[in-house]
Amino acid sequence: QVQFVESGGELVQPGGSLRLSCAASGFTFSNYVMTWYRQAPGKERELVATITLTGRITNYADSVKGRFTITRDNAKNTVYLQMNALKPEDTAVYYCMRSVGGKPVPSDSWGQGTQVTVSS
């Protein structure tokens, strides 16, 4: 059974930093591109960052470029999202998924996500 368990979200002040983690199981982690998504209240889910199998290539949404860094540890089946210089508009529930063809695998279920709230 494929599972994603996100953690690390909390309330943080603007300008602060957080590191999110996503532990994956039920598949060969090193064989898949991994992606972080987020969904803010009243908005559609959006792609935040992706990382290739070995971590050599990463891509980011324009809104987070230069502030967020995605990494992975294939030995731990875990993908991370380092978030710096956080803004109130980064407030959202953050999710990770494995990707094929640039999209989540259709048969996979979304995890519970981790809530990030940026507020003073």
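Above this note sits the structure.
Definitions and cut-offs
Residues numbered from 1 in each chain as written. Predicted model: local features only at pLDDT ≥ 70, side-chain atom pairs only at ≥ 80, totals over all residues. Heavy atoms only, no water. Helix = DSSP H or I, 4+ residues; strand = E, 2+ residues; numbered from the N terminus. Rg over C-alpha atoms; globule rule 2.2 N^0.38 Å. Buried < 20%, exposed > 50% of the residue type's maximum accessible area, 1.4 Å probe, protein only. Contact = heavy atoms within 4.5 Å. Areas by Shrake-Rupley, 256 points an atom, 1.4 Å probe, with all protein chains shown as cover. Lys, Arg positive; Asp, Glu negative; His and termini not counted. Charge placed at Lys NZ, Arg CZ, Asp CG, Glu CD. Disulfide = S-S within 2.5 Å. Polar contact = N/O pair within 3.5 Å; in protein donor to acceptor, adjacent residues only side chain to side chain. Phe/Tyr/Trp six-rings, centres within 6.5 Å; stacked < 30°, edge-to-face > 60°. Lys NZ or Arg CZ within 6 Å of the ring centre and 35° of its normal.

Colleague: With reference to specific residues and values, describe the overall build of the protein.
Modeller: A count of helices and strands for the protein gives zero helices and eleven strands. Rg of the C-alpha trace for the protein: 13 Å, near the compact-globule value of 14 Å for 120 residues, within the 12% margin. Counting only C-alpha atoms, the protein reaches 40 × 30 × 25 Å along its principal axes. Taking all 120 residues of the protein together, 42% fall into the buried category. A fraction of 55% describes how many contacts in the protein between residues 6 or more apart in sequence connect residues 24 or more apart. Counting every atom, the protein has about 6300 Å² of accessible surface; 48% of that belongs to carbon and sulfur. Taking the average location of the 12 positive side-chain charges in the protein and that of its 9 negative ones, the two points are 5 Å from each other.

Colleague: Lay out the state of the cysteines in plain terms, naming residues and giving numbers.
Modeller: Inspection of every chain in the model, using the stated rule, returns one disulfide. Each disulfide pairs two cysteine sulfurs, and for cysteine 22 the partner residue is cysteine 96, the sulfurs being separated by 1.6 Å. Of this pair, cysteine 22 sits in strand E3 (residues 18-25) while cysteine 96 sits in strand E9 (residues 92-100); the two residues are 74 residues apart in sequence, bridging distant segments of the chain. Overall, the relative accessible area of 0% leaves cysteine 22 in the buried class.

Colleague: Residue-level account of the side chain of threonine 114, with values.
Modeller: The residue threonine 114 is located in strand E11 (residues 114-118) in this model. A distance of 2.8 Å separates a polar atom in the side chain of threonine 114 from the backbone nitrogen of glycine 9. Those residues in contact with threonine 114, other than ones at most four positions away along the chain, are Glu6, Ser7, Gly8, Gly9, Leu20, Ala92, Val93 and Tyr94.

Colleague: Residues and numbers for the packing of aromatic side chains, please.
Modeller: The geometry of two aromatic rings is summed up by the distance between their centres and the angle between their planes. Taken as a whole, this structure holds five aromatic pairs when the rule is applied. Centre to centre, the rings of phenylalanine 4 and phenylalanine 27 are 5.8 Å apart; their planes meet at 50°, and the pair counts as tilted. Taken together, the residues phenylalanine 4 in strand E1 (residues 3-7) and phenylalanine 27 in the loop between E3 and strand E4 (33-39) connect sequence positions 23 residues apart. The pair phenylalanine 4 / phenylalanine 27 is uniform in exposure class, with both members buried. For the pair phenylalanine 27 and tyrosine 32, a centre-to-centre distance of 5.4 Å together with 90° between the ring planes defines the contact as edge-to-face. Judged by relative accessible area, tyrosine 32 falls into the partly exposed class, the value being 23%. An aromatic cluster of at least three residues, connected via ring pairs, comprises Phe4, Phe27, Phe29 and Tyr32. The aromatic ring of tyrosine 80 is capped on one face by arginine 19, whose charged end is 3.9 Å from the ring centroid. Between arginine 98 and the ring centre of phenylalanine 27, over which it is positioned, the NZ or CZ distance is 4.7 Å.

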